[in-house]
Amino acid sequence: VISSKQMDANNIRTWFRNNGSFNRDPSTGNSGFEWPKASGIFARYASGLWMGAVVGNDTLIAIAEYDYEYLPGYINSNGEPQGKDDSLYRIYKFNKNDVSSYDYVHWPFNQGAYADSNGKPLLIGDQNMFYSYTDGYPDAHGNNAGATDPLKAQILQTNWSFLAPSSYLSSVIFTEYRIINKGSLPWTKCYFASWSDDDLGDANDDATGCDSTLNLAYTYN
């Protein structure tokens, strides 16, 4: 039921999955964020979406790290998760000018994928990706760091990148999360985080830092 595809239009080649995971190679379980592309050098081992909020009297969380509390699909109007066994709830990807590709022709507007003013798939970058997933399945909440009831969040994720060979954009992938509370109660004290296990080459000599003025985190040897 889990779909996996790579963003690989520019200097980065990395994996995305519709269970909240990214940067981890789904076939080997090893580092999947290769930069520069085709170099055999990897900068990140695994990453994922974390979120949490107070809902009523409970603190509920959903996480993706080495075990994943999200599955493909959506939450219906009755608050029930749907779609994890539906092959249409997968990752869709197309490249610029590739208007005959299967994913372009079948772009999932009904799942929330963006359309342009002509009703065609919206071309944001040179490569574009979309998928819908949710933490709404109770049986998926088995991570030892989580294991709460679901938040009943629906996540519409759009990724895009640019070729831009002479620009800093050639080493950037953009991600937008549209996160919708499909439950019956509001979320308060709500936090979202992009969790990452960075292995910059060898995993034994890494350090991390942040620049709060730039809202920037970084890893170095």
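The present account deals with the structure reproduced in this document. (Residues numbered from 1 in each chain as written. Predicted model: local features only at pLDDT ≥ 70, side-chain atom pairs only at ≥ 80, totals over all residues. Heavy atoms only, no water.)

1. Quick look at the overall build of the protein
Okay, step 1: A count of helical and extended segments in the protein gives 1 helix and 17 strands.
Okay, step 2: For 221 residues, the compact-globule estimate of 2.2 N^0.38 gives 17 Å, and the C-alpha radius of gyration of the protein, at 18 Å, lies within 12% of that figure.
Okay, step 3: Among the 221 residues that make up the protein, the fraction classed as buried is 44%.
Okay, step 4: By sequence separation, contacts in the protein at least 24 residues apart represent 56% of the contacts at least 6 residues apart. (Helix = DSSP H or I, 4+ residues; strand = E, 2+ residues; numbered from the N terminus. Rg over C-alpha atoms; globule rule 2.2 N^0.38 Å. Buried < 20%, exposed > 50% of the residue type's maximum accessible area, 1.4 Å probe, protein only. Contact = heavy atoms within 4.5 Å.)

2. Describing the pattern of salt bridges
Side-chain pairs of opposite charge can arise whenever the charged atoms involved come near each other.
Okay, step 1: For the coordinates displayed, the defined rule picks out 7 salt bridges.
Okay, step 2: The shortest N-O distance in the salt bridge between aspartate 103 and lysine 5 comes to 2.6 Å. With aspartate 103 in helix H1 (residues 102-105) and lysine 5 in strand E1 (residues 4-7), the pair connects residues that are 98 residues apart, well separated along the chain.
Okay, step 3: A residue is classified by how much of its surface remains accessible, and aspartate 103, at 7% relative accessible area, is buried.
Okay, step 4: Shared partners join several salt bridges into a network, and the residues in it are Lys5, Arg90 and Asp103. (Salt bridge = Lys/Arg side-chain N within 4 Å of Asp/Glu carboxyl O.)

3. Focus: unusual backbone geometry
Leaving glycine out, the prevailing phi sign among residues is negative, and the prevailing peptide bond configuration is trans.
Okay, step 1: With omega at -5 degrees, the peptide bond leading from tryptophan 35 into proline 36 counts as cis.
Okay, step 2: Note that proline 36 resides in the loop between strand E4 (33-34) and strand E5 (42-44).
Okay, step 3: Here asparagine 97, not a glycine, exhibits a phi torsion of approximately 70 degrees, which is positive.
Okay, step 4: Counting through the fold element by element, asparagine 97 comes out in the loop between strand E11 (92-95) and H1.
Okay, step 5: Classification of asparagine 97 as exposed rests on a relative accessible area of 68%.
Okay, step 6: Its identity as a non-glycine residue notwithstanding, lysine 189 has a phi of 50 degrees, on the positive side.

4. Some remarks on the nonpolar core
Okay, step 1: Judged by nonpolar contacts, the single largest core of 20 residues is most densely connected at Met51, Tyr70, Leu151 and Trp187.
Okay, step 2: Residue assignment for this core shows that the elements contributing at least two residues are strand E6 (46-55), strand E7 (58-62), strand E12 (127-134) and strand E13 (153-161).
Okay, step 3: Element by element, the count of residues in this core is highest for E6, at 4 residues.
Okay, step 4: Leaving out residues up to four positions away in the same chain, leucine 151 has contacts with Met51, Gly52, Ala53, Val55, Leu60, Ile61, Ala62, Asp135, Asn181 and Trp187. (Core = buried A, V, L, I, M, F, W, Y, C linked by side-chain atoms within 4.5 Å.)

5. Quick word on empty space enclosed by the protein
Okay, step 1: A complete count under the given rule lists 1 cavity of 30 Å³ or more for this structure.
Okay, step 2: The calculated volume of the largest cavity comes to roughly 40 Å³.
Okay, step 3: What lines the largest cavity is Trp107, Ala113, Tyr114, Leu122, Ile124, Asn128, Met129, Phe130 and Thr158.
Okay, step 4: When grouped by side-chain class, the residues that make up the lining of the largest cavity number 7 nonpolar, 2 polar and no charged. (1 Å grid on protein atoms, 1.4 Å probe; cavity = no way out; pocket = protein on both sides within 12 Å on 5 of 7 lines; lining within 4 Å. Points joined across faces, edges and corners; volume = space filled by probe spheres on them. Nonpolar A, V, L, I, M, F, W, Y, C, P; charged D, E, K, R; others polar.)

6. Re the side chain of asparagine 10
Okay, step 1: Inspection of the secondary structure assignment puts asparagine 10 in the loop between E1 and strand E2 (14-17).
Okay, step 2: Within the local environment of asparagine 10, its side chain forms a polar contact with the backbone oxygen of leucine 169, the two atoms lying 3.3 Å apart.
Okay, step 3: Reaching out from asparagine 10, the side chain makes a polar contact with the backbone oxygen of serine 170 at a distance of 3.5 Å.
Okay, step 4: Setting aside anything within four residues of it in sequence, one finds asparagine 10 in contact with Lys37, Ser161, Phe162, Leu163, Leu169, Ser170, Ser171 and Val172. (Polar contact = N/O pair within 3.5 Å; in protein donor to acceptor, adjacent residues only side chain to side chain.)

7. Concerning the side chain of serine 132
Okay, step 1: By the element assignment, serine 132 lies in strand E12.
Okay, step 2: Of note is the side chain of serine 132, whose polar atom sits 2.9 Å from the backbone oxygen of glycine 73.
Okay, step 3: Excluding anything up to four places from it in sequence, serine 132 contacts Pro72, Gly73, Tyr74, Tyr89, Gln111, Gln154, Ile155 and Leu156.

8. With respect to the pairing of E1
If a strand is regular, its side chains alternate between the two faces of the sheet.
Okay, step 1: One ladder, built from 4 bridges, connects E1 with E2; its direction is antiparallel. Bridge pairing in E2 links glutamine 6 to tryptophan 15.
Okay, step 2: Taking the residues that link successive antiparallel strands as the turn, the E1-E2 hairpin has 6 residues. (Pairing = 2+ DSSP bridges.)

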